[in-house]
Amino acid sequence: MPQVGPNQPIRDPAALAAMTDERLMLLFRLGNSEAFSELFRRFSSPVYGFFRRRLENPSRAEELAQETFVAVLRGIERYEPRATFRTYLYGIAMRILMAERRKSARREPSASASSTPDTSADSCVDAAIWVQRAIDQLDADHRDILLLREYEQLTYDEIAALLRLPVNTVRSRLFRARTALKAFLLPLRPEVRNEP
Amino acid sequence: MNLELHEFRPEEVMAYLDGEIIGERALALADHLEQCTDCSSLADDFCALSQQLVGWKVESANLQQPSMDAMAASQDDEARVEALAPKISLWSLGTTWWPFFQRPWVWRVASGFAVVLVMSLVFISRQSLLHVKAPSSQTGKPVVTVSTEVAPLSPDEPGEHSIDNLPMGKSTRATNGLHIPPGPRARANSVPVDGADAVDNSVNATRAAAAEEMPKALAEFQRPDKLSEKQPVKGKNSIDFTLRNSQMSRDVPPSIWGVPIPGPNPAAPQMIERTASLSLTVKGLDSARTTLEEIVRHHYGYFAELNTEGQSEAGRTLTASLRVPAIELDATLIELRKLGQTGEEKQGGEEVSPQYVDLKARLDNARHTEKRLTDLLTKRAAKLKDVLDVERELAGTREEIERMEAQQRNMEGQVFYASIDLKLREEYKPALNLAPPAAGTRMRNALVDGYHTAVDSALDVLLFVLEAGPSTLFWLLLLFFPARWGWRKLRVVTAQKQSLAGAL
């Protein structure tokens, strides 16, 4: 790893790419803006995917992703590397998502029902729709754990820290979520349903 | 899938595929997956499921990297983020801190710190507020702590101090809430107050203490030469007495608040013994007495005498003789008049300046004589007879000096302290008994009274007989025979006259 001073601007993309997330955050806390650019480059798409898979409105997901990074900027003075940066970042994203869900529930009580894809158009939907529909049928607790593991690629410990659950609970819930999801996907997918 | 036949549970297989199991357990599970078809099939299902999930892809985002400038522009979002960010930070890091707070030693250390902090605060507050020490454990007498500090009168007199209080009574100014922070050269004087005979409402105690301490205090007072440089006194009741440690002469007059009080200084010729008498009618004697004691304490005085009398048919009276510093007399009288309705008031002043000057002159002469005699004794007296004569003369001179010094101190005290003869008379309020006694009670009382009257009358007769009987009997016995002889003689004469008249 290249040795870089805290206030020294880093222009080499390779040097930035070799640094861990936590070191980049510390550099950014010390005033190195290039470190935050590298973090944004690393996590902008995952954070957007986090919101996009959980919200119907793409533009709203984009706004919330932007808001997540703004929150990181605002809280940089209070950041301490006690946990991984991914846990810290998705913790902020999770809080923003919960606030958004509460606001949406007050605004549109029946919005979740209307977001379900039309099952009559089975022939024209792709695999993503089937997966989304199957995931939507999971319990909320199981769904969150499954999404954090499959798409955000968080470890069991990170999920446990994020959701404030024991690791064994995370593992058992994840197992049940996967088992249920497999059961949901079998009758929904056309190629699976058409099998003898 | 029969779990009893497999070494590893399905959850462990899933965890192994997710990379959560490492080490020997992972190697064992890998070997098991190669041998067990059921577990291998389960692993294939999980892998296929993951492949299916990967198919749900989202479009690429078009996010703009936020900057501090952009944050300043979006004011609406800032408020929300501002409220959200610290919660998120604490929440996300809470799981890290929570085990730390679950440790018992953390709470013990925190409790210890809290106890030490509270005790420190209590100690500091007590130190800042406490000026009066507890009674001395050795003597059992209350000890009054008097704070003194350097008086900024004149910089060329390093020995001068400003005394905040006079050790003349049981009370101190500290009890009145006065607080003067000690200076760099501050010292504390502990003055034991004699409270052994404080039976009659601390009169004797204060009188004895004042008699013991007042001459010393008077002797230590010095009139400031530069009154204009005197620092302003904070508070009405602050008295600054200038103390010169290096000069303990009794020729130095006292000063209060920078105002010279009458003293032996020839430059201050007026020495007036002030007296006052005041008669008041108060509503409640108890409350008035409490207020009176407070007033006396407030003005650095003491009770020379205090008597209370109570009669059933009249209100109680309190007679007191107060001694307060002369400079405090007017203020004391003003406060005393507020105790009740003023009935009679007198004030007087006797100037003793000529006597004092004369006494001082005689004292100076006596001291000069003493000095000359001492010189004679040490230098010129050679013969034994001369030495004895000089010694005799020197002893007489010293006796005279001591007598005059006592007179001087007595005069200074009388001038320094003004006397107030105070008489408080409580308004008489006869008790009104609205309920008359019952008839049975009255009859019983009458019967008891009659019995007592009969017994008393019989007893009176008996006492009269016992008292007058012997003398009566004595006189009867003494006069019986002469009376009988005279009676018989009278009867004989009467009979002769009647017989003579019958014969004629």
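Values in this document were obtained by computation on a predicted structure and should not be read as measured data.

Section: the confidence of the model for chain B
All names here are of chain B. Mean pLDDT over chain B stands at 70; residues scoring 70 or higher make up 62%. Least confident of the elements in chain B is strand E1 (residues 143-150), whose mean pLDDT is 35; most confident is helix H12 (residues 439-503), at 90. Confidence drops under a pLDDT of 50 for residues 217-268, and excluding neighbours within four residues, the segment shows 107 contacts in the predicted structure. Scored as a whole, the predicted complex attains pTM 0.38, and scored at its interfaces, ipTM 0.76.

Quick notes on unusual backbone geometry
Positive phi is not limited to glycine here, since Gln153(A) has a value of about 55°. Examined against the element boundaries, Gln153(A) turns out to sit in the loop between helix H8 (140-150) and helix H9 (156-163). According to the C-beta neighbour criterion, Gln153(A) is exposed, with 11 such atoms within 10 Å. For Tyr300(B), which is not glycine, the phi dihedral falls at a positive 65°. Along the chain, Tyr300(B) turns up in the loop between helix H8 (285-298) and strand E8 (302-311).

Some remarks on the environment of Pro166(A)
Residue and element names in this part refer to chain A. Mapped onto the secondary structure, Pro-166 falls in the loop between H9 and helix H10 (167-188). Accessibility expressed as a C-beta count within 10 Å gives 11 for Pro-166, which makes it exposed. Taking the C-alpha atoms as reference points, Pro-166 and Tyr-156, ten residues apart in sequence, are found 9.3 Å from one another.

Examining the interface of chain B and chain A
Taken together, the 39 residues of chain B in the interface contact 44 residues of chain A. When residues of the side of chain B that touches chain A are traced back to their parent elements, those giving at least two are helix H1 (10-17), helix H3 (37-54), helix H4 (68-73) and helix H5 (75-101) of chain B. Of all the elements, H5(B) adds the most residues to the side of chain B that touches chain A, at 14 residues. Grouping the amino acids of the side of chain B that touches chain A by side-chain chemistry returns 20 nonpolar, eleven polar and eight charged.

A word on the nonpolar core
Formed by 62 residues in total, the largest nonpolar core has its most connected members in Val47(A), Phe51(A), Leu89(A), Ala93(A) and Ile159(A). Discounting chain neighbours no more than four positions away, the residues touching Phe51(A) are Ala61(A), Leu64(A), Ala65(A), Ala93(A) and Leu97(A). Among the nonpolar cores identified, the runner-up in size contains 32 residues, and Leu285(B), Ala326(B), Leu329(B) and Leu339(B) belong to it.

A few points about the packing of H8(A) against H9(A)
Residue and element names in this part refer to chain A. One can describe the packing of H8 onto H9 by two numbers: an axis separation of 10 Å at closest approach and a directional angle of 135°. In terms of orientation, H8 lies oblique with respect to H9. Classified by chirality, the crossing of H9 by H8 is right-handed. Of H9, the residues touching H8 (which contributes Asp-144, Ile-145, Leu-148 and Arg-149) are Ile-159, Leu-162 and Leu-163. Class assignment of the residues belonging to the contact of H8 with H9 gives a composition of five nonpolar, no polar and two charged.

A word on the sheet that holds strand E7 (residues 272-282) of chain B
Pairing between the strands of a sheet comes from backbone hydrogen bonds, and it takes one of two forms, parallel or antiparallel. Residues and elements named next belong to chain B. If you trace the five strands from one edge of the open sheet to the other, you get E8-E9-E11-E7-E10, paired in mixed fashion. Two strands in the sheet have a free side with no partner beyond their single neighbour: E8 and strand E10 (341-351). Each neighbouring strand pair of the sheet contributes to a mean axis angle of 10°, computed without reference to strand direction. One ladder, built from nine bridges, connects strand E9 (residues 314-325) with strand E11 (residues 417-426); its direction is antiparallel. Each bridged residue has a counterpart across the sheet, and for Val-324 the counterpart in E11 is Ala-418. Where H8 meets the sheet, its contacts fall on E7, E8, E9 and E11, and the angle it forms with E9 comes to roughly 0°.

Brief notes about the pairing of E9(B)
Remark: a regular strand shows side chains that alternate across the two faces of the sheet. Note: E8(B) against E9(B), eight bridges, orientation antiparallel. Note that in E9(B) the partner of Phe303(B) across the bridge is Leu322(B).

Re H8(B)
Residues and elements named next belong to chain B. The end-to-end C-alpha distance of H8, which contains 14 residues, comes to 19 Å, matching closely the 20 Å that a straight helix rising 1.5 Å per residue would cover. Those residues of H8 that fall on the buried side of the exposure criterion are Leu-285, Arg-289, Leu-292, Ile-295, Val-296 and His-298. Positive backbone phi, approximately 65°, marks Tyr-300, located one or two places after H8.

Conventions and cut-offs
- Residues numbered from 1 in each chain as written.
- Chains lettered and ligands numbered in written order.
- Predicted model: local features only at pLDDT ≥ 70, side-chain atom pairs only at ≥ 80, totals over all residues.
- pLDDT = per-residue confidence, 0-100.
- Helix = DSSP H or I, 4+ residues; strand = E, 2+ residues; numbered from the N terminus.
- Contact = placed C-beta atoms within 7 Å.
- Buried ≥ 20, exposed ≤ 12 C-beta atoms within 10 Å, placed from the backbone.
- Nonpolar A, V, L, I, M, F, W, Y, C, P; charged D, E, K, R; others polar.
- Core = buried A, V, L, I, M, F, W, Y, C linked by C-beta atoms within 7 Å.
- Axes fitted to C-alpha atoms, helices over the stretch in contact; angles between N-to-C directions.
- Parallel < 35°, antiparallel > 145°, perpendicular 65-115°, else oblique.
- Left-handed = near helix turned anticlockwise from the far one by under 90°.
- Pairing = 2+ DSSP bridges.
- Expected span 1.5 Å × (residues − 1).

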